[in-house]
Amino acid sequence: MQLLDGVLVSGHIKEQIKQEVKDWQAGGGKQPHLAAILVGNNPASEAYVGSKVKHCEELGFGSTLLRLPANITEAQLIDEVNKLNNNDEVDGILVQLPLPNHISPDAVINAIHPDKDVDGFHPISQGRMLLGQPTFLPATPYGIMLMLEYYKIDTTGMHCVVIGRSNIVGTPMTILMSRAGNPGNATVTMCHSKTKNLKDFTRSADIIVAAIGRPRYVTADMVKEGAIIIDVGINRVDDATKKSGSRLVGDVDFDNVAPLCSYITPVPKGVGLMTICGLMKNTLLAAKLRGKK
Ligand code: GUN
């Protein structure tokens, strides 16, 4: 079993991005700038956004963090998005999800200008991805593809089972893994919470992408010997042995599944770090495309 090491791969990609930013600015390009909107104070969202802003500093990007109260109206939030759309300093905009229940995430995502949609969530970005046109790929699926590429894993002809059908991970993963190219060229099955006899599908999988949001849901009896496991889950579970009283686990029962696999991503230090790489690559691309306009 080999670990797919998010620290190693993201470190390598971040060095590439840093250099690319320097080269871009040396050629007269403007410093890439990411604006993040955080509504309310969900602790997990605080941590994710904090990490994104910290990475901006580390990689030489400018950043703006806009903190808005949980009771903001949808119209007010869309107004803030529009201000960022019209701000020439800003190249990329992300609105951290989830949003409070009274706000429609679709309405807010639709308000982001597609040229600044560095999360790749806008219908135009998703439509372009579906059609195989150049676009901003959603950050987590993009990061997973970068990881498979780094380890030169040839997925051609493999059976890939994606568990989860969210717009931001499961659904785009099915598109990227089935598209022509490598990584890609796989035969893909999408499973989700209503799938009957999930094990029948996962046991024939050469690759499993677990993005269902349930701690240690994929167990050893569901996995074929030699399979590749990509664990997208980040779940906090109680752990009395830890000072904080909790720890992070993935959607895969790592301890029992890892000995069976050819490759597996750990949680933490796996896919999560790759998401940041996807986001930062998209923001740099946005800055370059805007610079050429
Ligand atoms: N919430 C969970 N994942 C993501 C992500 O990749 N982007 C944003 N904006 N919100 C998220």
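First things first, this report covers the structure right here in the doc. (Residues numbered from 1 in each chain as written. Predicted model: local features only at pLDDT ≥ 70, side-chain atom pairs only at ≥ 80, totals over all residues. Heavy atoms only, no water.)

**Quick word on the sheet that holds strand 5 (residues 159-163)**
Here is step 1: An order of 1-11-8-7-5-6 is seen for the 6 strands of this open sheet, with the pairing classed as parallel. In this open sheet, the two strands that pair with only one neighbour each are strand 1 (2-3) and strand 6 (187-191).
Here is step 2: For strand 1 and strand 11 (residues 263-264), the ladder comprises 2 bridges, and the chain directions are parallel. Directly across from Gln2, in strand 11, lies its bridge partner Tyr263. (Pairing = 2+ DSSP bridges. Helix = DSSP H or I, 4+ residues; strand = E, 2+ residues; numbered from the N terminus.)

**Focus: the layout of surface pockets**
Here is step 1: Of the pockets and cavities examined, the largest pocket occupies roughly 1,400 Å³.
Here is step 2: Lining the largest pocket are 50 residues, and of these Tyr48, Gln96, Thr140, Ile234 and Thr275 sit closest to its centre.
Here is step 3: Taken together, the elements giving at least two residues each to the lining of the largest pocket come down to helix 2 (43-59), helix 4 (105-111), helix 5 (123-131), helix 6 (139-150), strand 9 (235-238) and helix 10 (271-292).
Here is step 4: It is helix 2 that provides the largest number of residues to the lining of the largest pocket, a total of 7 residues.
Here is step 5: Of the residues assigned to the lining of the largest pocket, the class counts are 26 nonpolar, 17 polar and 7 charged.
Here is step 6: Approximately 200 Å³ is the volume attributed to the second largest pocket. (1 Å grid on protein atoms, 1.4 Å probe; cavity = no way out; pocket = protein on both sides within 12 Å on 5 of 7 lines; lining within 4 Å. Points joined across faces, edges and corners; volume = space filled by probe spheres on them. Nonpolar A, V, L, I, M, F, W, Y, C, P; charged D, E, K, R; others polar.)

**A closer look at the state of the cysteines**
Here is step 1: Considering all chains together, one arrives at 0 disulfides under this definition.
Here is step 2: A disulfide-free cysteine, Cys261 has its sulfur positioned 14 Å from the sulfur of Cys160, the nearest such atom.
Here is step 3: On the accessibility criterion, Cys261 (5% relative accessible area) is buried. (Disulfide = S-S within 2.5 Å. Buried < 20%, exposed > 50% of the residue type's maximum accessible area, 1.4 Å probe, protein only.)

**Side note on the site of the ligand**
Here is step 1: Every residue lining the ligand is accounted for by Lys52, Leu94, Val95, Gln96, Leu97, Asp119, Phe121 and Ile168.
Here is step 2: Within the side chain of Gln96, one N or O atom sits 3.3 Å away from a nitrogen atom of the ligand.
Here is step 3: In the model, a nitrogen atom of the ligand is placed 2.6 Å from a nitrogen or oxygen of the Asp119 side chain.
Here is step 4: Computed on the free molecule, the ligand has an accessible area of 280 Å², of which 82% lies beneath the protein chains in the complex. (Near = heavy atom within 4 Å. Polar contact = N/O pair within 3.5 Å; in protein donor to acceptor, adjacent residues only side chain to side chain. Areas by Shrake-Rupley, 256 points an atom, 1.4 Å probe, with all protein chains shown as cover.)

**A closer look at empty space enclosed by the protein**
Any space left empty among the atoms is revealed by the rolling of a water-sized probe across them.
Here is step 1: Per the stated rule, a full pass over the model turns up 1 cavity of 30 Å³ or more.
Here is step 2: A volume near 40 Å³ is recorded for the largest cavity.
Here is step 3: Lining the largest cavity are Leu94, Val95, Leu97, Ile109, Ile112, Asp117, Asp119 and Phe121.
Here is step 4: The residue makeup of the lining of the largest cavity, split by class, is 6 nonpolar, no polar and 2 charged.

**Digging into the environment of Ser63**
Here is step 1: Along the polypeptide, Ser63 turns up in strand 3 (residues 62-68).
Here is step 2: As for Ser63 and Leu34, which are separated by 29 residues in sequence, their C-alpha atoms are 4.8 Å apart.
Here is step 3: Residues within four places of Ser63 in sequence aside, it is in contact with His33, Leu34, Val53 and Cys56. (Contact = heavy atoms within 4.5 Å.)

**With respect to helix 5**
Here is step 1: Of the positions making up helix 5, those classed as buried are Ser125, Gln126 and Met129. Looking straight down helix 5, one finds that the buried residues subtend no more than 95° of arc, so they occupy a single side. When the buried face of helix 5 is taken as reference, the exposed residues oriented beyond 90 degrees from it are Leu130 and Leu131.
Here is step 2: Against the buried residues of helix 5 lie helix 7 (170-178).
Here is step 3: Directly after helix 5, the chain includes Gly132, whose backbone phi takes a positive value near 75°. (Arc of directions from axis to C-beta.)

**Quick notes on helix 3 (residues 74-85)**
Owing to its 3.6 residues per turn, the α-helix aligns residues three or four sequence positions apart on the same side.
Here is step 1: Counted at 1.5 Å a residue, the expected span for helix 3 with its 12 residues is 16 Å, and the 16 Å between its end C-alpha atoms agrees.
Here is step 2: Buried residues of helix 3: Leu77, Glu80, Val81, Leu84 and Asn85, and no others. In a view along the axis of helix 3, the buried residues occupy a sector of 150°, so they form one face of it.
Here is step 3: The inward-facing, buried residues of helix 3 contact strand 2 (33-39), strand 3, strand 4 (92-95) and helix 4. (Expected span 1.5 Å × (residues − 1).)

**Overview of the packing of aromatic side chains**
Here is step 1: Per the counting criterion, the structure on display carries 2 aromatic pairs.
Here is step 2: Between Tyr150 and Tyr151, the aromatic rings sit 5.3 Å apart at their centres with planes inclined by 75°, giving edge-to-face as the arrangement.
Here is step 3: In this structure Tyr151 comes out as buried when scored by relative accessible area, which is 14%.
Here is step 4: A network of ring pairs unites the aromatic residues Tyr150, Tyr151 and Tyr263 as a single cluster. (Phe/Tyr/Trp six-rings, centres within 6.5 Å; stacked < 30°, edge-to-face > 60°.)

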